[in-house]
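# Structural description and commentary
Chain residues, written in single-letter form:
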Amino acid sequence: MKKGEIFGFLGPNGAGKTTTMKMITCVSPRTSGSLRVLGMDPQQNPAEIKQRLGVVPQETNLDPDFTCFGNLYYYSRYFDIPKDLAEKKADELLAFVQLQEKRDVAVEKLSGGMKRRLILARALVNNPDLLILDEPTIGLDPQARHLIWEKLRNLQAQGNTIVMTTHYLDEAERLCDRLVIMDNGKILVEGAPADLVRRHVSHEIVEVETSAEVIACLTELGVPFEKTGDMIQITTDSAREIARTLLERCRPEKVITRPATLEDVFLKLTGRTLRE
Amino acid sequence: MPHLLSFPRITRRAGKVWYRNMVVFVRTWQVNFFPPLVEALLYLFAIGLGIGSYIKEIDGIPYVNFIAPAILAIAVMNSAFFECTYGSYVRMYYQKSFDAMIATPLSIEDVIAGELLWGATRSVIYVIIMLPVLAAFGVVSLPIALLTIPFAFLGGLMFAGIAMCFTSISPGIDTLNYPSFLFITPMALFSGTFFPLTLMPVFLQYIAFALLPLTHLVAIMRMFTLPSLSWMILVHLAWIAIITAVFCLLSINLMRRRLIV
């Protein structure tokens, strides 16, 4: 990890993302290997490490017995933050995640997006050196996701270092400076999103609707392709040419050309079989 | 993996969990302060005055005075036990509060220790509320009866520890009904509470003395409220101290086993 970067952990369900986060946050013990968080060993100095971490868990675990303000205030008390400072910080953070109007509202009354924002604010009460986000935008509508993204970019601009897991590949592509794709507890690849796409797929993808004719035609032309459900995918550096050839010679029903994305890398590396 | 009676690393941060529960308790004081008041009055009227008008006295003690310490002991038992079973289970499983807390410098050992201390504190609060009611009816003898207040902490801690052990092994919140109905309710009746132990067959007396924590709690409470202090208090205190230590340690280790995976 470099200071000031957003680092992503991607992988299918059961890949080991959350387990990794739990080991970093000193919750789960590791069975083997070594781990250093902020230069310390999570099994030796959990309290010292956690004092400097901010954690956004996958599950919403706000305290329903408190208001929004209370959630931030009493959480800061767990970090030994003095009362007046904790109060000031709680109000600042409510403003940061745009929940000032909900200051004295019980957390059950909040929408899903508001709850996630409040959890993000809660993770910041101790001015963490490292922010750990496990699926920060899970189950949110596009508006709420964009707001969270904006806040995360603000935090990065302020010099925060962020580690996140996500299932949303567009989210990873937008936010992460570097990321790893993992499966079955192993890291498959590591790099910047754009580099990974270049290295493992290519620049562009042509998608054609499957038919016996098209398959025969592509085989004849000697173009390598891959069948994915009812579409055929061709990864290429010259999508326009391929598309033109296809249209002229194979008479396909539907042809789409698009730039390759992280999702293509992800599916290529982890397969299309459903997990769990 | 540390074994089940190993001594956990608990720090003063446990106090922060205690404080969190205290804040919530005080903020909802109307619902929390009323039940012990009503409970004391109900027992006094229904059993003390109702049944008491037939029984008059037991071993030369007015019947209402005989059951007054039992009312306190049962309150100590119930408040700590239910706090650390249903209350803790809700915070652990439904509210995920423990998960949120252990993302801060608090360890799971701190969290459980805080919950146990809070359960015991709740017992103390209940006795503080009930004692003036009993005193007003003249059924406890002040000032020695004031000793029931600090003692409620020890008694509460014992039941908090026992309760937390059940919480740590309970597959769901419904299965907590078993210890409540098969352990707590019979104990409230057969621990020398509303009639002396000596009325039961001898072997049952032995069982009550050896296995029922409430027996010892009631005995000490009765020594404080009548008052009728005797050297036997040392036996009861030792029994309670040992059981408290064993179950508190056990519960913290069991909870770590349940929550840290």
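Just so it is clear, the structure is predicted and the values come from calculations on it, not from any experiment.

### A look at the overall build of chain A
Helix and strand content of chain A: 11 helices and 10 strands. Its C-alpha atoms put chain A at 75 × 45 × 35 Å along the principal axes. Residues classed as buried in chain A amount to 40% of the 276 residues present. For chain A, restricting intrachain contacts to residue pairs at least 6 apart in sequence, the fraction spanning at least 24 positions comes to 70%.

### Digging into the overall build of chain B
In terms of regular secondary structure, chain B is built from 10 helices and two strands. Moving toward the C terminus, one meets the helices and strands of chain B in the order α-α-β-β-α-α-α-α-α-α-α-α. In terms of C-alpha radius of gyration, chain B reaches 19 Å, essentially the compact-globule figure of 18 Å for 261 residues. Taken over the C-alpha atoms alone, chain B extends approximately 60 × 40 × 35 Å along its principal axes. Per-residue burial over chain B gives 47% buried out of 261 residues.

### Quick word on the sheet that holds strand β9 (residues 231-236) of chain A
Residue and element names in this part refer to chain A. Across the sheet, four strands lie side by side as β8-β9-β7-β10; this open sheet has antiparallel pairing. The strands lining the two open edges of the sheet, one partner per strand, are β8 (226-228) and β10 (255-259). This sheet shows a mean twist of 30 degrees between the axes of neighbouring strands, independent of strand direction. Alignment of strand β7 (residues 204-209) against β9, held across six bridges, turns out to be antiparallel. Bridge pairing in β9 links glutamate 204 to threonine 236.

### Structural notes on the nonpolar core
One finds Ile132 of chain A together with Ile71, Ala73, Val76, Leu116 and Met130 of chain B to be the most contacted residues of the largest nonpolar core, which totals 148 residues. Looking at this core, the element that brings in the most residues is helix α3 (residues 63-94) of chain B, giving 18 residues. Residue contributions to this core reach at least three from each of two domains, namely domain 1 (6-192) and domain 2 (202-259) of chain A.

### Here's the deal with the packing of helix α5 (residues 112-122) of chain A against helix α6 (residues 142-157) of chain A
Each pair of packed helices can be summarised by the angle the axes make with each other and by the distance between the axes. Residue and element names in this part refer to chain A. Where α5 contacts α6, the axes come no closer than 10 Å and their chain directions differ by 15 degrees. Our classification of the angle between α5 and α6 gives roughly parallel. Between α5 and α6 lies a crossing of right-handed hand. Of the residues in α6, those in contact with Gly113, Arg116, Arg117 and Leu120 of α5 are Ala144, Ile148 and Lys151. Partitioning the contact of α5 with α6 into residue classes produces three nonpolar, one polar and three charged.

### Quick look at the pairing of β9 of chain A
Residue and element names in this part refer to chain A. Both β8 and β9 contribute to a ladder of three bridges, which runs antiparallel. By the bridge assignment for β9, threonine 228 is matched with methionine 231. Between β8 and the antiparallel strand that follows it, β9, lie two residues; glycine 229 among them carries a positive phi value of about 65 degrees.

### Considering the sheet that holds strand β6 (residues 186-191) of chain A
Residues and elements named next belong to chain A. Strand order in the open sheet formed by six strands is β2-β3-β4-β1-β5-β6, with mixed pairing between adjacent strands. A strand with exactly one partner marks an edge of an open sheet, and here the two such strands are β2 (53-56) and β6. Taken over all neighbouring pairs, the strand axes of this sheet differ in orientation by 15 degrees on average, direction set aside.

### Observations concerning the environment of leucine 49 of chain B
Residue and element names in this part refer to chain B. Looking at the element boundaries, leucine 49 is found in helix α2 (residues 29-55). A C-alpha to C-alpha distance of 8.6 Å links leucine 49 and tyrosine 63, two positions 14 residues apart in sequence. Setting aside residues up to four positions removed in sequence, leucine 49 forms contacts with Leu44 and Val64.

### Remarks on the domain arrangement of chain A
As a measure of interface size, the accessible area lost when the parts come together is often cited. Per the domain assignment, the segments making up chain A are domain 1 (6-192) and domain 2 (202-259). Each of domain 1 of chain A and domain 2 of chain A was reduced to a C-alpha centroid, and the two centroids are 42 Å apart.

### Things to note about unusual backbone geometry
Each neighbour pair has its own omega, and for leucine 142 of chain B with proline 143 of chain B the value is 5 degrees, a cis peptide bond. Within the secondary structure, proline 143 of chain B sits in the loop between α5 (108-136) and α6 (148-169). Omega for the bond connecting leucine 226 of chain B with proline 227 of chain B falls within 30 degrees of zero, at -15 degrees, which places this linkage in the cis form. Inspection of the secondary structure assignment puts proline 227 of chain B in the loop between α9 (213-225) and α10 (232-259). Positive phi values are uncommon outside glycine, yet aspartate 80 of chain A reaches one of about 65 degrees. Inspection of the secondary structure assignment puts aspartate 80 of chain A in the loop between α3 (68-78) and α4 (83-96). When the 13 C-beta atoms within 10 Å are taken as the criterion, aspartate 80 of chain A is described as partly exposed. For asparagine 127 of chain A, which is not glycine, the phi torsion reads 45 degrees and is therefore positive. Taking the number of C-beta atoms within 10 Å as the measure of exposure, asparagine 127 of chain A has 11 and is therefore exposed.

### Section: the confidence of the model for chain B
Residue and element names in this part refer to chain B. In this model, chain B carries a mean pLDDT of 92, and residues with pLDDT of at least 70 account for 99%. Per-element averaging of pLDDT across chain B places α2 at the bottom with 84 and α6 at the top with 97. Two numbers describe this predicted complex: its pTM, 0.90, and its ipTM, 0.87.

How each quantity is defined
Residues numbered from 1 in each chain as written. Chains lettered and ligands numbered in written order. Predicted model: local features only at pLDDT ≥ 70, side-chain atom pairs only at ≥ 80, totals over all residues. Helix = DSSP H or I, 4+ residues; strand = E, 2+ residues; numbered from the N terminus. Buried ≥ 20, exposed ≤ 12 C-beta atoms within 10 Å, placed from the backbone. Contact = placed C-beta atoms within 7 Å. Rg over C-alpha atoms; globule rule 2.2 N^0.38 Å. Pairing = 2+ DSSP bridges. Axes fitted to C-alpha atoms, helices over the stretch in contact; angles between N-to-C directions. Core = buried A, V, L, I, M, F, W, Y, C linked by C-beta atoms within 7 Å. Domains from an automatic or database assignment. Parallel < 35°, antiparallel > 145°, perpendicular 65-115°, else oblique. Left-handed = near helix turned anticlockwise from the far one by under 90°. Nonpolar A, V, L, I, M, F, W, Y, C, P; charged D, E, K, R; others polar. pLDDT = per-residue confidence, 0-100.

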